[in-house]
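Descriptive analysis of the structure
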Amino acid sequence: MTARAALVDFGAFYERTYATAYRTAFAIIGEPALAADAVQDAYLSAFRERARFRGDGSAETWLIRIVVNAAVSTSRRRRVRWIDPGPVELAQGGDEANRSVERLSVVAALQGLPAKERAAVVLRFYLDYDYATIARCLNTSTGTVGSWLSRAIGRLRPVLETPGEPALASATSDGPHRG
């Protein structure tokens, strides 16, 4: 199926891509209702502009670019603020509880990033996009993507690393050369 053909049956395209689009918007915005609104706006825009899609990349990547733009705009307009839960004791022997607490800390730290850095982190580490694809989604250069990711990782490192375990030591090692 060609990239343009993916948009012919927009209902099927919607069903196939909605979960990823919503999770991406939610990771950027952090608020379920606002993420759903941003995704709705993105799909409406994609539907209206589908004839202008050139097909030089995948339809899914084109959609994610629209979702990211909608999520960043929503985030800026609404000035969503997450409350940092502060230091939290991890539960004894409760792996699921510990993962939930860690997720809350990561989400709070992620929401503290500027919108474009947050979007770059989501696209790189959540959707596993290479730097070139991220640059296309965020309408910037791969060098700027690298800068945003480097700054974001520096800000997230204290939250994501446990003492003695450098979780992000190689996170930027595949930098701009990867795409």
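Calculation rules
Residues numbered from 1 in each chain as written. Predicted model: local features only at pLDDT ≥ 70, side-chain atom pairs only at ≥ 80, totals over all residues. Heavy atoms only, no water. Helix = DSSP H or I, 4+ residues; strand = E, 2+ residues; numbered from the N terminus. Buried < 20%, exposed > 50% of the residue type's maximum accessible area, 1.4 Å probe, protein only. Contact = heavy atoms within 4.5 Å. Areas by Shrake-Rupley, 256 points an atom, 1.4 Å probe, with all protein chains shown as cover. Core = buried A, V, L, I, M, F, W, Y, C linked by side-chain atoms within 4.5 Å. pLDDT = per-residue confidence, 0-100. Axes fitted to C-alpha atoms, helices over the stretch in contact; angles between N-to-C directions. Parallel < 35°, antiparallel > 145°, perpendicular 65-115°, else oblique. Left-handed = near helix turned anticlockwise from the far one by under 90°. Nonpolar A, V, L, I, M, F, W, Y, C, P; charged D, E, K, R; others polar. Patch = residues over 30% accessible without salt bridge, like charges linked within 9 Å, V, L, I, M, F, W, Y side chains within 5 Å. Salt bridge = Lys/Arg side-chain N within 4 Å of Asp/Glu carboxyl O. Expected span 1.5 Å × (residues − 1).

Glancing now at the overall build of the protein. Each helix and strand in the protein was counted, giving seven helices and zero strands. The helix and strand sequence of the protein, counted from the amino end, reads α-α-α-α-α-α-α. Across the 179 residues in the protein, those meeting the buried criterion constitute 39%. Contacts in the protein between residues far apart in sequence, at least 24 positions, make up 66% of those at least 6 positions apart. A total accessible area of about 10200 Å² is found for the protein, and carbon and sulfur atoms account for 52% of it.

With that settled, the discussion passes to the nonpolar core. Membership of the largest hydrophobic core comes to 49 residues, with the highest contact counts inside it found for V68, L123 and L138. Contributing elements (two or more residues each) for this core: α1 (10-29), α2 (32-49), α3 (59-78), α4 (95-111), α5 (115-126), α6 (131-138) and α7 (142-160). At 10 residues, α3 tops the list of elements feeding residues into this core.

The next thing to look at is the confidence of the model for the protein. Summarising the model, the protein shows a mean pLDDT of 79, and 73% of its residues fall at 70 or more. When pLDDT is averaged over each helix and strand of the protein, the minimum, 65, is found for α4 and the maximum, 94, for α2. In the model, residues 80-92 has pLDDT below 50 throughout and makes 17 contacts with residues more than four positions away in sequence or in other chains. Here residues 169-179 scores under 50 on pLDDT; set against residues more than four positions off or in separate chains, the count is 14 contacts.

Another aspect to go through is the environment of V107. Looking at the element boundaries, V107 is found in helix α4. When the C-alpha atoms of V107 and V159 are compared, they prove to be 9.9 Å apart, with 52 residues separating the residues in sequence.

Running from amino to carboxyl end, α5 crosses α6 at an angle of 140°, the nearest separation of the two axes being 10 Å. Classified by the angle their axes make, α5 and α6 are oblique. In this structure, the crossing between α5 and α6 has a hand that is right-handed. Every residue of α6 that contacts α5 at K116, A119, A120, L123 and R124 is listed here: Y131, I134, C137 and L138. Grouping the constituent residues of the contact of α5 with α6 by class yields seven nonpolar, no polar and two charged.

In this section: unusual backbone geometry. The backbone of D128 sits at a positive phi, close to 60°, despite the residue not being glycine. Tracing the chain through its elements places D128 in the loop between α5 and α6.

Attention now moves to a nonpolar patch on the surface. Together, V106, V159 and L160 make up an exposed nonpolar region whose accessible area comes to about 180 Å². Checked against the element boundaries, L160 lands in helix α7. Judged by its relative accessible area of 31%, L160 falls in the partly exposed class.

With that out of the way, let us pick up α5. For α5, built from 12 residues, the straight-helix expectation of 16 Å at 1.5 Å per residue is met to within 8% by its first-to-last C-alpha distance of 15 Å. Taken across its 12 residues, α5 has nine buried, putting it largely inside the fold. Listed in full, the buried residues belonging to α5 are A115, E117, R118, A119, A120, V121, V122, L123 and R124. A positive phi of about 60° marks D128, the residue just after α5.

Looking now at the environment of R54. The topology assignment puts R54 in the loop between α2 and α3. Classification of R54 as exposed rests on a relative accessible area of 67%. In sequence terms R54 and A3 are 51 residues apart; their C-alpha atoms lie 8.6 Å from each other.

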